[in-house]
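# Coordinates in review
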Amino acid sequence: MKVAVGHIERFNPAINDLQKHLKNPKFIELNRMAPYNKRGSDVSVLHDLMIHDMDLLFWLTGSEIESMNGTGTKLISKELDTASVSFKMKNGMQVMINVSRVSPVAQRSIRVLQDDCTLFAQTGTLELEKVVPGPGGDEFLTVTKWSVEKADALQRGKRMLSSTVF
């Protein structure tokens, strides 16, 4: 019998495509916003939503946390409904995770700052964008936009895990 935790965001097609463009990231920002739902409100937004971004934090950076600083608020439930946490990783990378379960619309996104470009991924809509400084590093930019095909992340993860020997 195989047992796994349901951190399927790492199998999201937009994240997989984004990962192909990562070259020595300096800063990563993960945002996960959702409308309020009573389901899950008995635990903090850290356990309800941010847990998925924490998995991505370790998976994308390949590093342990050196230090962190965060804040959160209770707005509707008795537990934290919003939170923002800043991380300094042992490999020097900076990461910011913002989560809310009291947003008017759902949004899941990643922004990555690198020396050569800034990458954006809307992981809910599977749209990506790469912004590259123009010649001479002035304000002119080259923007490339693309989207990836929708795929069932749970099925992708299941296929990948079934080929893994534990």
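You'll find the structure just up there.
Read on for an overview of the structure. (Residues numbered from 1 in each chain as written. Predicted model: local features only at pLDDT ≥ 70, side-chain atom pairs only at ≥ 80, totals over all residues. Heavy atoms only, no water.)

Quick look at the pairing of strand 3 (residues 82-89) now. The pairing of strand 2 (residues 65-73) with strand 3 spans eight bridges and is antiparallel. Bridge pairing links Thr73 to Thr82 in strand 3. Bridge count between strand 3 and strand 4 (residues 94-100): seven bridges; the pairing is antiparallel. Bridged to Lys88 within strand 4 is Gln94. Counting the residues in the hairpin turn of strand 3 and strand 4 gives four residues, including Gly92, whose phi is positive at 95°. (Pairing = 2+ DSSP bridges. Helix = DSSP H or I, 4+ residues; strand = E, 2+ residues; numbered from the N terminus.)

So, about the pattern of salt bridges. Tallying each qualifying case throughout the model produces 14 salt bridges. Asp55 is the partner of Arg10 in a salt bridge, and the nearest nitrogen-oxygen pair spans 2.5 Å. With Arg10 in the segment before helix 1 (13-19) and Asp55 in helix 2 (residues 45-61), the pair connects residues that are 45 residues apart, well separated along the chain. Judged by its relative accessible area of 24%, Arg10 falls in the partly exposed class. Its salt-bridge partner being Asp53, residue Arg32 comes within 2.9 Å of it at the nearest N-O pair. Of this pair, Arg32 sits in strand 1 (residues 27-33) while Asp53 sits in helix 2; the two residues are 21 residues apart in sequence, bridging distant segments of the chain. What you see here is one network of salt bridges that share partners, running through Glu9, Arg32, Asp53 and Arg108. (Salt bridge = Lys/Arg side-chain N within 4 Å of Asp/Glu carboxyl O. Buried < 20%, exposed > 50% of the residue type's maximum accessible area, 1.4 Å probe, protein only.)

Among the structural elements, Ser44 can be located in the loop between strand 1 and helix 2. A relative accessible area of 8% means that Ser44 is categorised as buried. Sequence-wise, Ser44 and Gly72 are 28 residues apart; in three dimensions their C-alpha atoms are separated by 9.6 Å.

Here we come to the environment of Leu57. By the element assignment, Leu57 lies in helix 2. Residue classification places Leu57 among the buried residues on the basis of a relative accessible area of 2%. With 32 residues separating them along the chain, Leu57 and Met89 place their C-alpha atoms 9.4 Å apart. Excluding anything up to four places from it in sequence, Leu57 contacts Leu30, Gly62, Ile65, Phe87, Met89, Val95 and Ile97. (Contact = heavy atoms within 4.5 Å.)

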